[in-house]
Amino acid sequence: MAGDSNAEQTSGGGGSSSTNECEKMIQRSLRDPTVKFLKEQLEKSGCGIGSNFIKGYTCKKAIAGGFSPTAGVGVCCNHLKEQEQVTQLVIHQLIYAYDFCRAANLDLNNCAHYACIEIRAGRLRGDCHYKRELARGFLKLRGHEQECLRRRVLQFLAANPNCSEIGAKDAMEAVWDICYNDTKPFDRAP
């Protein structure tokens, strides 16, 4: 993300008021208990993150942000306007960082690897909590979480040029049980 030609870094002085507000939201997200916990767990795992690990960008693509093992977390300031959006993105990307820290040879070009980190990140940040689903217009209250996660993981995989539609679904199903039930570094899914 950060080294991507689709993003231009905006952090560090002289930005617009929306950029400055985004940087403030990034800083406020660092005070969130889940963000603090994930940062502590990264540190305990030998993958501490510095003060420049999470940065604001102006992104050319219509994405919320991303993660790069070499550059850290990028927040697309021009696409996120609310504190909750920024905090949830940071949590999602820190789960990626944790997975990269603990796994050898994690390859996002491999559909199964990518499906696994999306399953974990979506579940562990509560992406499919019924209140979020209701806000998206999905009214199913029973058994919605796994259905939602499957739908959202397939959306993420569809954006990966290395995953065909059939390959994406097969990859997700192949890793579903192990990745869905893997709640590390949490004791259980929050």
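Residues numbered from 1 in each chain as written. Predicted model: local features only at pLDDT ≥ 70, side-chain atom pairs only at ≥ 80, totals over all residues. Heavy atoms only, no water.

**Let's talk about the side chain of K55**
Rule in force here: Strands here mean DSSP runs of E at least two residues long; helices mean DSSP runs of H or I at least four residues long; both are numbered from the N terminus. Identification of polar contacts relies on pairs of N or O atoms within 3.5 Å, with a donor-acceptor requirement for protein atoms, meaning one able to donate a hydrogen and the other able to accept it, and with residues adjacent in sequence counted only if both atoms are side-chain atoms.
Checked against the element boundaries, K55 lands in strand 2 (residues 54-59). At a separation of 2.8 Å, a polar atom in the side chain of K55 contacts the main-chain carbonyl oxygen of A71.

**Section: the packing of aromatic side chains**
Under the convention used in this document: Centre distance within 6.5 Å is the pairing criterion for rings of Phe, Tyr and Trp, where only the six-membered ring of Trp is used; planes under 30 degrees apart are then read as stacked, over 60 as edge-to-face, and the remainder as tilted. Exposure categories follow from relative accessible area, calculated using a 1.4 Å probe and restricted to protein chains: below 20% of the type maximum is buried, above 50% is exposed, and the middle band is partly exposed.
By the definition in use, this model includes five aromatic pairs. Relative to F67, the ring of F53 has its centre 6.2 Å away and its plane inclined at 50°; by these criteria the two rings are tilted. Placement of F53 in the loop between helix 2 (33-44) and strand 2 and of F67 in strand 3 (residues 65-68) is noted, with a sequence separation of 14 residues between them. A relative accessible area of 15% means that F53 is categorised as buried. Given the relative accessible area of 11%, F67 is considered buried. Judged by centre distance (5.4 Å) and plane angle (15°), the ring pair of W176 and Y180 falls under stacked.

**Thoughts on the environment of L106**
Counted only if it meets this: Whether two residues touch is decided by their heavy atoms; if any such pair falls within 4.5 Å, the residues are in contact.
The residue L106 is located in the loop between helix 3 (83-102) and helix 4 (111-124) in this model. Sequence spacing of L106 and I117 is 11 residues, and the spatial spacing of their C-alpha atoms is 9.5 Å. When near neighbours in sequence (up to four residues on either side) are disregarded, L106 contacts D99, F100, H113 and I117.

**What about the state of the cysteines?**
Quick reminder of the rule: Any two cysteine sulfur atoms lying within 2.5 Å of each other are counted as a disulfide.
On inspection of all chains with the given rule, the structure shows six disulfides. Covalently, C47 is tied to C101 through a disulfide, its sulfur atoms 2.0 Å apart. The sign of the 90° torsion about the S-S bond sets the C47-C101 disulfide as right-handed. With a gap of 54 residues between them, C47 in the loop between helix 2 and strand 2 and C101 in helix 3 connect regions that are remote in the sequence. Bridging C111 to C163, the disulfide has an S-S length of 1.9 Å. Residues C111 and C163 are joined through a disulfide that is left-handed, its torsion about the S-S bond being -130°. Taken together, the positions of C111 in helix 4 and C163 in the loop between helix 6 (144-158) and helix 7 (165-181) put the pair 52 residues apart, joining distant regions of the chain. Judged by relative accessible area, C111 falls into the buried class, the value being 12%. The exposure class assigned to C163 is buried, which follows from its relative accessible area of 8%. The disulfide pattern of the chain is 1-5, 2-6, 3-4, 7-11, 8-12, 9-10 when the bonded cysteines are numbered in sequence order.

**Remarks on the nonpolar core**
As a reminder of what qualifies: The nonpolar core is taken to be a set of buried Ala, Val, Leu, Ile, Met, Phe, Trp, Tyr and Cys residues, with the residues joined through side-chain atoms within 4.5 Å.
Counting residues in hydrophobic clusters, the biggest one holds 48 residues, and the most contacted among them are F53, V75, L94, I119 and L157. For this core, the elements supplying multiple residues, two or more each, are helix 1 (17-29), helix 2, strand 4 (72-76), helix 3, helix 4, helix 6 and helix 7. Tallying contributions element by element places helix 3 first for this core, with 11 residues. Those residues in contact with F53, other than ones at most four positions away along the chain, are F67, A71, G72, V73, L94 and A97.

**Let's talk about helix 6**
Our working definition: By this rule, a helix spans an expected 1.5 Å times one less than how many residues it contains.
Over its 15 residues, helix 6 runs 21 Å from end to end, which matches the ideal 21 Å to within 8%, given 1.5 Å per residue. Restricting attention to buried positions, one finds in helix 6 the residues H144, C148, L149, R152, V153 and L157.

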